[in-house]
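Below are the chains, spelled out letter by letter.
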Amino acid sequence: MKLILLAETGLALAFGFLLTGCDVKGGGKVEAGGGAPPPVQVEHEGDANVFKVQHPEQFPIATAGQHAEAPELDVTGVVNADVSRNVPVISLASGRVIEIHARLGDTVTKGQLLMRVQSNDIGAAFADYRHAMADAKLASTQLDRAKILYERGAIALKDLEVAEDTDAKAKVDVETSQEHLRVLGADVDHPSALIDIFAPVSGVITEQNVTAAGGVKTLDNSPNLFTISDLSEVWIVCDVYENDLPKVHVGDIADIHLNAYPGQVLKGSVDNIGPVLDPAIRTAKVRLQVRNPGMLRIGMFVTATFHGETRQVRAVVPASAILHLHDRDWVYLPDGNRQFRRIEVVGGNMLPGNMQEIVSGIKPGQRVVSNALVLENTLEQ
C-alpha cells in the first residue's frame, strides 16, 4: 500500500513540473533579462570582412575629419667627425719618442707641444748644414782673393768666373740644408738632435698611434702620430631605407633628437646622399652637417626627423575607431543594410583630443565605427 502511494505522489509531482514548463514557454509570463536590450545577432556574409548585425544602432558612428601637415620621416644616425676637419700630426724625422705631452681625448690648441722625438735624421741634417756653411765661407774668401788678383792682372778672367761659380753653388748648398732642417722641424739657430712636435690646429685628439719610448718611422710605412679633429661642426650619418629615399633631398633641414639629451633639438642640413646602397640592409647613407653646441660626441646615437616640402591632407578619426589586430590597423565602415565592412588602414601620429591620423585606407568625410574594439568583441561572441 505504501508503495502505491509513493508512486502516485511521484507522478503528481512530475505532471506539475510539466504544466509549469508549458506555462512559461507558452504564456510568456517570465521575461528573461528584464529591461536589457536584446542581444546582437551576427550574420557572416560571403566576404570575410563584411558582417551583418541585427541592431547596428548600438554602435555609434563618427565621421573622419582632415588634418594637413608635411610628411615626416624618422631615421637613426650616428655622430661622426667631419673628415675635412681632421688634421693628422706627423713627423718627417724618424727616431725615438722621448716625451709625450698629450693623449687621446685631450683638447689642444694650435702650437701646443704634443711630443718630443730624438732623431738621427736631425743630427745628420745639422752636420750637412755646418759643412755647407764652411764651404760657403771658403768659397766667399776665394772669390774675394780672385777679384783682387784679376784687377792686378795676376789671373785670367776664366779663373775669376770659376771662383764666382763655386761661391754661388756653396750658397745654394747652405739654403738647401737650411730648408731641410725647417722641413724636419728643427731650429737652425739651436742645433740639437731633439725635435718638438706641435699641434698644427686646435681641436680634440681623436686618434693616437704613439706611446712614450716608442719609435717614429718614416712616412712610407708609419701611421699618423695623432689625429686632431675640429668638432665645432660634425657629421651625422643616417641610414635611410631604399623606399624612403624619395622623401630626402640635398639641402633639406632635419630635426636632430639626441638620445643622451631628450630635451635638446638641433638642426642639420643634408649635404650628401650616398650613391651606393648597403646590400645587406638596403639603406643609403645620408649625411647631415650639424653645428656642434658642445654636447655632440663622436659615436653618439641620434634620431633625425626629415620634413617633406609639400603638405598632405590625411583623415583623422577617434583613436578608439582604430583596431590593432595581428600587427595591422583596421577600421569598421557602415556598409548599409545593417552591415559593417572591416578595412585595413595605416595609422599615423596621435593628435590632441585623443584623435589619430590615418595615413592611408580611408579619406576625410568617410564614416567609421567610433569604437572598433566593442564591435570586434561583439562579432567574436
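Nothing here was measured: the structure is a model prediction, and the numbers come from that model.

1. Details of the packing of aromatic side chains
Here is step 1: Per the counting criterion, the structure on display carries two aromatic pairs.
Here is step 2: Aromatic pair Phe 59 and Phe 340: ring centres 6.0 Å apart, planes at 85°, arrangement edge-to-face. Here the residue Phe 59 occupies a position in the loop between β2 (50-53) and β3 (61-63), and Phe 340 occupies one in strand β22 (residues 339-351), the gap between them amounting to 281 residues.
Here is step 3: Over the ring of Trp 330 we find Arg 342; its NZ or CZ atom is 4.9 Å from the centre of that ring.

2. Here we look at the confidence of the model for the chain
In regions of low pLDDT, the predicted coordinates are not meant to be interpreted in detail.
Here is step 1: Averaged over every residue, the pLDDT of the chain is 86; residues scoring 70 or more account for 87%.
Here is step 2: Confidence, expressed as mean pLDDT per element, reaches its minimum in the chain at helix α1 (residues 2-27) with 39 and its maximum at strand β17 (residues 283-291) with 96.
Here is step 3: Below pLDDT 50 for its whole length, residues 1-34 participates in four contacts with residues either more than four positions away or in separate chains.

3. Observations regarding the pairing of strand β18 (residues 301-307)
Here is step 1: Two elements, strand β5 (residues 72-81) and β18, share seven bridges in a ladder whose sense is antiparallel. Within β18, the position partnered with Gly 77 by the bridge is Val 302.
Here is step 2: Pairing geometry for strand β15 (residues 253-258) and β18, over five bridges, is antiparallel. Bridge pairing links His 257 to Thr 303 in β18.

4. Here we look at the nonpolar core
Here is step 1: Core analysis: the biggest nonpolar cluster contains 30 residues, and Val 108, Leu 114, Met 115, Ile 122, Leu 181, Phe 226 and Ile 228 have the highest contact counts within it.
Here is step 2: For this core, the elements supplying multiple residues, two or more each, are β9 (113-118), α2 (120-151), α3 (157-184), β10 (194-198) and β13 (226-229).
Here is step 3: In terms of residue count, the dominant contributor to this core is α2 (seven residues).
Here is step 4: Core analysis: the second largest hydrophobic core is formed by 25 residues, Ile 256, Val 270, Val 290 and Met 295 among them.

5. Here we look at the pattern of salt bridges
Two side chains that carry opposite charge are able to pair once their charged atoms sit near each other.
Here is step 1: For the coordinates displayed, the defined rule picks out 18 salt bridges.
Here is step 2: Ionic pairing is found between Lys 171 and Asp 167, a salt bridge with its closest N-O pair at 3.4 Å. Note that Lys 171 and Asp 167 are positioned in helix α3 at a spacing of four residues, about one turn of the helix.
Here is step 3: With its nearest N and O atoms 2.4 Å apart, the salt bridge here joins Lys 267 to Asp 255. Here Lys 267 is found in strand β16 (residues 265-278), whereas its partner Asp 255 is found in strand β15, with twelve residues between them in sequence.
Here is step 4: Overall, Asp 255 belongs to the buried group, its relative accessible area being 12%.
Here is step 5: Salt bridges here are not isolated pairs; linked through shared partners, they connect Asp 82, Arg 85, Asp 230, Glu 233 and Arg 291.

6. Some details on a nonpolar patch on the surface
Here is step 1: Taken together, the side chains of Ile 90, Leu 92, Val 183 and Leu 219 make up a nonpolar region of the molecular surface, amounting to roughly 320 Å² of accessible area.
Here is step 2: In this fold, Leu 219 is placed in the loop between β12 (215-216) and β13.
Here is step 3: Among the residues examined, Leu 219 registers a relative accessible area of 46% and is labelled partly exposed.

7. Some remarks on the sheet that holds β16
Here is step 1: The strand order around the closed barrel formed by six strands is β5-β14-β17-β16-β15-β18, and the pairing between neighbours is antiparallel. Shown here is a sheet whose adjacent strand axes are inclined to one another by a mean of 40°, direction ignored.
Here is step 2: Alignment of strand β14 (residues 233-241) against β17, held across nine bridges, turns out to be antiparallel. Paired with Val 240 across the bridge in β17 is Ala 284.

8. Details of α3
Here is step 1: Its 28 residues place the ends of α3 41 Å apart at the C-alpha level, agreeing with the 40 Å of an ideal helix rising 1.5 Å per residue.
Here is step 2: Three or more residues of α3 are buried, namely Leu 160, Ala 163, Asp 167, Ala 170, Val 174, Ser 177, Leu 181 and Leu 184.
Here is step 3: Looking at the buried residues of α3, the elements they touch are α2 and β10.
Here is step 4: Two residues or fewer after α3 comes Gly 185, characterised by a positive phi angle close to 95°.

Thresholds, definitions, all that
- Residues numbered from 1 in each chain as written.
- Predicted model: local features only at pLDDT ≥ 70, side-chain atom pairs only at ≥ 80, totals over all residues.
- Heavy atoms only, no water.
- Phe/Tyr/Trp six-rings, centres within 6.5 Å; stacked < 30°, edge-to-face > 60°.
- Helix = DSSP H or I, 4+ residues; strand = E, 2+ residues; numbered from the N terminus.
- Lys NZ or Arg CZ within 6 Å of the ring centre and 35° of its normal.
- pLDDT = per-residue confidence, 0-100.
- Contact = heavy atoms within 4.5 Å.
- Pairing = 2+ DSSP bridges.
- Core = buried A, V, L, I, M, F, W, Y, C linked by side-chain atoms within 4.5 Å.
- Buried < 20%, exposed > 50% of the residue type's maximum accessible area, 1.4 Å probe, protein only.
- Salt bridge = Lys/Arg side-chain N within 4 Å of Asp/Glu carboxyl O.
- Patch = residues over 30% accessible without salt bridge, like charges linked within 9 Å, V, L, I, M, F, W, Y side chains within 5 Å.
- Areas by Shrake-Rupley, 256 points an atom, 1.4 Å probe, with all protein chains shown as cover.
- Axes fitted to C-alpha atoms, helices over the stretch in contact; angles between N-to-C directions.
- Expected span 1.5 Å × (residues − 1).

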